[in-house]
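# Coordinate analysis (summary)
Residues per chain, in single letters:
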Amino acid sequence: MKVTASAPAKINLQLSVGGLRADGYHDLVTVYQALDLKDEVSLTERADGMGIQCISLGEFNSGVPSDDTNLAVRAARLVADQVGVSCDLSIEITKRIPVAAGLAGGSADAAAALVAAAELYGYGGNLQLLAAQLGSDIGFSFLGGTALGTSRGEVVVPVMSRGEYWWVIMSASNGLSTPRVYQKLDQLRDEGAVKEPMQMQPKQELLQALLSGSANQLATQLTNDLQPAALAIAPKLQRVIDAAMDDGALAALVAGSGPTCVALVKDYEHALDVAARISGQNVASRVLISRAPASGAEIVSIERG
Ligand code: ATP
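Here we summarise the structure given alongside this text. These numbers come from a predicted model, not from an experiment.

## Looking at unusual backbone geometry
- Omega for the peptide link from Gly258 to Pro259 comes to 5°, which places this bond in the cis form.
- As for its position among the elements, Pro259 is in the loop between strand S9 (251-254) and strand S10 (261-265).
- In this model, Ala292 is joined to Pro293 through a cis peptide bond whose omega is -5°.
- Within the secondary structure, Pro293 is located in the loop between strand S11 (286-292) and strand S12 (298-303).
- One non-glycine residue, Ala100, lies in the positive phi region at around 50°.

## Remarks on the packing of aromatic side chains
- Applying the stated criterion to the full structure yields two aromatic pairs.
- Ring geometry for Tyr32 against Phe140: centres 4.6 Å apart, planes inclined by 10°, an arrangement best described as stacked. You can see Tyr32 sitting in strand S2 (residues 26-45) and its partner Phe140 sitting in helix H4 (residues 138-143), a full 108 residues away along the chain. For the residue pair Tyr32 and Phe140, the accessibility class agrees, reading buried in each case.
- Taking 5.0 Å as the distance between ring centres and 55° as the angle between the ring planes, the aromatic pair formed by Trp166 and Tyr268 counts as tilted. In this pair, Trp166 sits in strand S7 (residues 165-171) while Tyr268 sits in helix H10 (residues 268-279), placing the two residues 102 residues apart along the sequence.
- The class for Trp166 is buried, based on a relative accessible area of 13%.
- Judged by its relative accessible area of 40%, Tyr268 falls in the partly exposed class.
- In this arrangement the basic side chain of Arg152 is found over the ring face of Tyr25, its NZ or CZ atom lying 4.8 Å from the centre.

## Some words on the packing of helix H1 (residues 71-83) against helix H3 (residues 127-134)
- Between H1 and H3, the least distance of the axes is 11 Å, while the angle of their chain directions is 130°. As judged from the angle between their axes, H1 and H3 are oblique. At the point where H1 passes H3, the crossing takes the right-handed sense. Where H1 abuts H3, its residues Leu71, Arg74, Ala75, Leu78, Val79 and Gln82 lie against Leu130, Gln133 and Leu134.

## Side note on the sheet that holds S11
- Across the sheet, which stays open at both edges, the four strands sit in the order S9-S10-S7-S11 with antiparallel pairing between neighbours. Strand pairing shows two members of the sheet lacking a second neighbour, S9 and S11, which therefore form its edges. On average, each strand axis in the sheet is inclined to that of its neighbour by 25°, with strand direction left out of account.
- Summarising the sheet, S9 and S10 pair through four bridges and their orientation is antiparallel.

## So, the nonpolar core
- Counting 66 residues, the largest nonpolar core has Leu13, Leu43, Ile91, Leu114, Trp167 and Leu218 as its most contacted members.
- Shared between two domains, this core holds at least three residues of each, these being domain 1 (2-159 + 294-303) and domain 2 (165-292).
- When near neighbours in sequence (up to four residues on either side) are disregarded, Leu114 contacts Ala75, Val79, Leu127, Leu130, Ala131, Leu134 and Ile138.
- Counting 33 residues, the second-largest nonpolar core is a separate cluster that includes Tyr182, Val194, Val265 and Ala284.

## Considering H3
- When H3 is considered as a whole, its buried residues turn out to be Leu127, Leu130, Ala131, Ala132 and Leu134.
- Contacts from the buried residues of H3 go to H1, helix H2 (105-121) and H4.
- For H3, the N-terminal cap is Asn126; the gap from its side-chain oxygen to the backbone nitrogen of Gln128 is 2.9 Å.

## Quick notes on the site of the ligand
- As a matter of local geometry, the ligand sits amid 19 residues, with Ala100, Gly102, Ala104, Gly106 and Asp109 nearest to it.
- In the model, an oxygen atom of the ligand is placed 2.8 Å from a nitrogen or oxygen of the Ala100 main chain.
- Gly106 places a main-chain nitrogen or oxygen 2.8 Å from an oxygen atom of the ligand.
- Surface burial for the ligand is 76%, taken as the share of its 600 Å² of free accessible area covered by protein chains.
- The element contributing the most residues to the shell around the ligand is H2, with three residues.
- Considered class by class, the residues forming the shell around the ligand number nine nonpolar, seven polar and three charged.

The rules we used
- Residues numbered from 1 in each chain as written.
- Predicted model: local features only at pLDDT ≥ 70, side-chain atom pairs only at ≥ 80, totals over all residues.
- Heavy atoms only, no water.
- Helix = DSSP H or I, 4+ residues; strand = E, 2+ residues; numbered from the N terminus.
- Phe/Tyr/Trp six-rings, centres within 6.5 Å; stacked < 30°, edge-to-face > 60°.
- Buried < 20%, exposed > 50% of the residue type's maximum accessible area, 1.4 Å probe, protein only.
- Lys NZ or Arg CZ within 6 Å of the ring centre and 35° of its normal.
- Axes fitted to C-alpha atoms, helices over the stretch in contact; angles between N-to-C directions.
- Parallel < 35°, antiparallel > 145°, perpendicular 65-115°, else oblique.
- Left-handed = near helix turned anticlockwise from the far one by under 90°.
- Contact = heavy atoms within 4.5 Å.
- Pairing = 2+ DSSP bridges.
- Core = buried A, V, L, I, M, F, W, Y, C linked by side-chain atoms within 4.5 Å.
- Domains from an automatic or database assignment.
- Polar contact = N/O pair within 3.5 Å; in protein donor to acceptor, adjacent residues only side chain to side chain.
- Near = heavy atom within 4 Å.
- Areas by Shrake-Rupley, 256 points an atom, 1.4 Å probe, with all protein chains shown as cover.
- Nonpolar A, V, L, I, M, F, W, Y, C, P; charged D, E, K, R; others polar.

Structure below.
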């Protein structure tokens, strides 16, 4: 039997980062939105005792581990453990989400693998709980849409959002390590260069903007506490943001921990226009267009051998 599932990339419309916790994580209040930029994960059963073989295909497969550190492998194994069966699988990941980009591509693969493995092994337990065990963003990759994330991001509840939004996604060729960006933020705060957030709450104006369905309103409410830290490590990202604004974007910011930058635009036509202008300026290694919000992890196909 072969089961294929997909899961989306995410962006953070609000990313408020609190202090460092005793467990090494930071408290977060974040509003996630899922992009219709999706990876696919296929799980095919292998003969008993053959174990797991994992390969990645597609444009963005470089830098994706094929061993047990791959989040899709860990997710499939977790479901097999819950059911009490040995995990003998061929795992094929079609990467469309850039790697180490701040778009939670690994989390998407884990969420897709959870859904596919649950189908394959007939697991009826709570996948959201398993997602939270595996990583901070995986619960949202599983849920999709627009959602509020708290704690370290793994506690997610849906947020009302009207209409659709168009984003231009501007990739950089070099990844930024997420832990390094958080460390830089702590350092900037210790030095007094960046303030801690006054309160760790979802921004009411942002939630109102999402209810209005107006991209213009949403554009005034986007925030990312990690942006100063990402820019301190990779100052060139400011050129990407400036280029997007010069080219007519409604707003532009670093996506999560970067190095991807995202620009909110009016509609599809505007997205094409802004993307074409940015592509001509040599500031981003790859420019994509994406619509949001998109669905969470879901089964794409089931083939019975
Ligand atoms: P984070 O979730 O840490 O913010 P990110 O969204 O910036 O990460 P990812 O594409 O998830 O970036 O990759 C981060 C790292 O996770 C990669 O460098 C890679 O070593 C590891 N990784 C594990 N599994 C995967 C996977 N299936 N796809 C991509 N990267 C993976």
